[in-house]
Structures are given as structure tokens and as C-alpha cells.
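Per-entry structural report
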Amino acid sequence: MSVVPVQTVEPMRPRDYTGTQLALIRRTVAAETTDDEFNMFIQIAQRAGLDPFRRQIYCIVYSKDDPKKRKVTFITGIDGFRAVAARNRDYRPDDSEPQFEFDEGRKSPSNPTGLVKAVVKAFKLSPDNQWFPVVGVAYW
């Protein structure tokens, strides 16, 4: 029986913001939020270890002028996903560039290049310390 080494993960440290920093986030990244929405945004950012100043997490308010339809969404940006992956140390990028598929027959004003799909690959470290591919496909 082989022993698999325990992988250490850097712990997340919630970031404490100064009053000035909170005010800046409120005026910029979370400008259209209510007090409750803003507080939720900051809590989520802190718990996830994501920094709005580094564009790791965004706050988007939809239908802000219609209270019945109003909705706030917190979105992790690509830099946020990269930060989480780096902390976990169990993902690595592929050595190859993304693959794109085009079709001349699909060209249109909304799809000027005729893009059909894009394929990207990353690698995940398994508990037995083997890397295996994880493929993502996005269709137009």
C-alpha cells in the first residue's frame, strides 16, 4: 500500500478593509447597491478570499430602477478563479492554446467570424498525485 502525501493548501485569510477602502468599493465596484447588498458583497468577497480591488470579484445590479425586478449578482472574475486555483495548488494550465472552430456559413452580424465553439483544457491533480485533463467547451 502506497502512502499519498498530504497536500497543503494555503488558508484563506479574510481581508479587513479600512473605512476609506470600503467607501471606495461602495462608490466604484458596488456603486448601485443597497446597504444590505453591499454588506453581502463584502462578506462574500472576504469569505471567498477575493479582492474587488484586483478585479477578482464584481457586483452587478440588474433592473436597478424596478424594485420588483431588482436583482444583484456577485460574479467571480477570471483573476478570482486564478487566485482560488493558485491557493488550492491542484490545477494547472494546459501547455496548448485554446482550440477554436469556425464555420463560414454561421457568419452573421452577431457572429462576424462564424465561431462555432472554443475548447480549453486545464489539468486537475488527483488524490494519487496524477494530473488528469479537464476540458471546457463553449458553443456559440
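Residues numbered from 1 in each chain as written. Predicted model: local features only at pLDDT ≥ 70, side-chain atom pairs only at ≥ 80, totals over all residues. Heavy atoms only, no water.

1. Comments concerning the environment of Asp-36
- As for its placement among the helices and strands, Asp-36 is situated in helix α2 (residues 35–48).
- For the pair Asp-36 and Phe-102, spaced 66 residues apart in sequence, the C-alpha separation works out to 45 Å. (Helix = DSSP H or I, 4+ residues; strand = E, 2+ residues; numbered from the N terminus.)

2. Some thoughts on the packing of aromatic side chains
- Taken as a whole and judged by the stated rule, the model has 3 aromatic pairs.
- Cation over ring: Arg-92 sits above Trp-131, and NZ or CZ is 5.3 Å from the ring centre. (Phe/Tyr/Trp six-rings, centres within 6.5 Å; stacked < 30°, edge-to-face > 60°. Lys NZ or Arg CZ within 6 Å of the ring centre and 35° of its normal.)

3. Quick look at α2
- Between its first and last C-alpha, α2 extends 20 Å over 14 residues, near the 20 Å set by a 1.5 Å rise per residue.
- On its buried face, α2 sits against α1 (19–27), β1 (57–62) and β2 (71–76).
- Once α2 finishes, Gly-49 follows within two positions and takes phi at roughly 70°, a positive value. (Expected span 1.5 Å × (residues − 1). Contact = heavy atoms within 4.5 Å.)

4. What to know about the packing of α1 against α2
- Contact pair α1 / α2: the axes reach a minimum separation of 11 Å and the direction vectors enclose 115°. In this structure, the crossing between α1 and α2 has a hand that is right-handed. The residues of α2 that touch α1, namely those facing Leu-22, Ile-25 and Arg-26, are Asp-35, Phe-38, Phe-41 and Ile-42.
- Partitioned by chemical class, the residues of the contact of α1 with α2 number 5 nonpolar, no polar and 2 charged. (Axes fitted to C-alpha atoms, helices over the stretch in contact; angles between N-to-C directions. Left-handed = near helix turned anticlockwise from the far one by under 90°. Nonpolar A, V, L, I, M, F, W, Y, C, P; charged D, E, K, R; others polar.)

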